[in-house]
Amino acid sequence: MKDTLRYLTGLSGPSGFGSNSTAEQVTQQIPSSITSNLTAIITGATSGIGAETARVLAMRGVRVVIPARDLKRAAGVRDRIRKDNPNAKLILLELDLSSFRSIKRFCIEFLNLRLPLNILINNAGKFNQMLELSEDKFEMTFATNYLGH
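On a predicted model such as this, the values are computed, not experimentally measured, just so you know. (Residues numbered from 1 in each chain as written. Predicted model: local features only at pLDDT ≥ 70, side-chain atom pairs only at ≥ 80, totals over all residues. Heavy atoms only, no water.)

This next bit is on the sheet that holds strand 2 (residues 63–68). Spatial ordering of the open sheet is given by 3-2-1-4, a layout of four strands whose pairing is parallel. The open sheet has two edge strands, strand 3 (90–94) and strand 4 (119–121), and neither has a second partner. Mean inter-strand twist for the sheet, computed between neighbouring axes without regard to direction, equals 20°. Relative to strand 3, strand 2 runs parallel, the two being bridged by five bridges. (Pairing = 2+ DSSP bridges. Helix = DSSP H or I, 4+ residues; strand = E, 2+ residues; numbered from the N terminus. Axes fitted to C-alpha atoms, helices over the stretch in contact; angles between N-to-C directions.)

A few words now on the pattern of salt bridges. The full count for this structure, using the stated rule, is four salt bridges. Among the salt bridges present, the one from E52 reaches R55, with a minimum N-O distance of 2.8 Å. With E52 and R55 both in helix 4 (residues 48–59) and three residues apart, the pair spans about one turn of that helix. You can call E52 partly exposed: its relative accessible area is 35%. If you follow the salt bridges from partner to partner, you end up with E24, E52 and R55 in one network. (Salt bridge = Lys/Arg side-chain N within 4 Å of Asp/Glu carboxyl O. Buried < 20%, exposed > 50% of the residue type's maximum accessible area, 1.4 Å probe, protein only.)

What characterises a pair of aromatic rings is the spacing of the ring centres plus the angle enclosed by the ring planes. Under the counting rule described, the total for this entry stands at three aromatic pairs. With a centroid separation of 5.8 Å and an interplanar angle of 70°, the aromatic rings of F100 and F138 are classed as edge-to-face. A residue pair is termed long-range when its members are at least 10 positions apart, and F100 in helix 6 (residues 100–112) and F138 in the loop between strand 4 and helix 7 (140–147) qualify at 38 residues. Given a relative accessible area of 33%, F138 falls into the partly exposed group. (Phe/Tyr/Trp six-rings, centres within 6.5 Å; stacked < 30°, edge-to-face > 60°.)

With six of its six residues buried, strand 2 lies for the most part within the structure. Side-chain alternation along strand 2 places R63, V65 and P67 on one buried face and V64, I66 and A68 on a second face that is also buried. As judged from the three bridges shared by strand 1 (residues 39–42) and strand 2, these two strands associate in the parallel manner. Of the residues in strand 2, the one forming a bridge with A40 is V64. The β-α-β motif built from strand 1, the intervening helix 4 and the parallel element strand 2 has right-handed crossover chirality. (Right-handed = clockwise from strand over helix to strand, strands pointing away.)

Below you can see the structure in the form of structure tokens.
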């Protein structure tokens with residue numbers, strides 16, 4: 001109960017951060033000498049929490065790979081991030097998590113970049129109210145949210 005109240009009121013926990021802490025605050029004290037050598041892949045980075053995570057990690061010097069079904073949307077996120085951080089290291093790669101063929105292609109493209117993978121944030125998600133099957137014949141929500149990652 002005490003922990004729930006602490007969370008709801010935003011009070012800091014043992015880490016010094018609470019539910020009201022921002023990504024910028026949490027990452028503020030990480031030395032750039034560490035983050036500048038890191039590579040992160042963030043699924044679902046074309047909107048919401050994923051886009052904010054990409055923005056903050058790029059701001060801290062992390063190379064961010066943004067996989068996206070819609071590369072136009074991903075380019076919009078890249079442009080917004082670069083507006084405030086022109087030196088942001090951002091890579092856009094096409095990926096449809098509901099398709100094993102697309103996942104394999106993404107993996108090959110990423111491996112060909114010869115970059116380390118230090119951070120993987122599986123943030124993408126999809127919910128279909130109607131029954132829809134992926135090209136691999138799996139229910140679309142299950143294929144995207146579980147099998148794809």
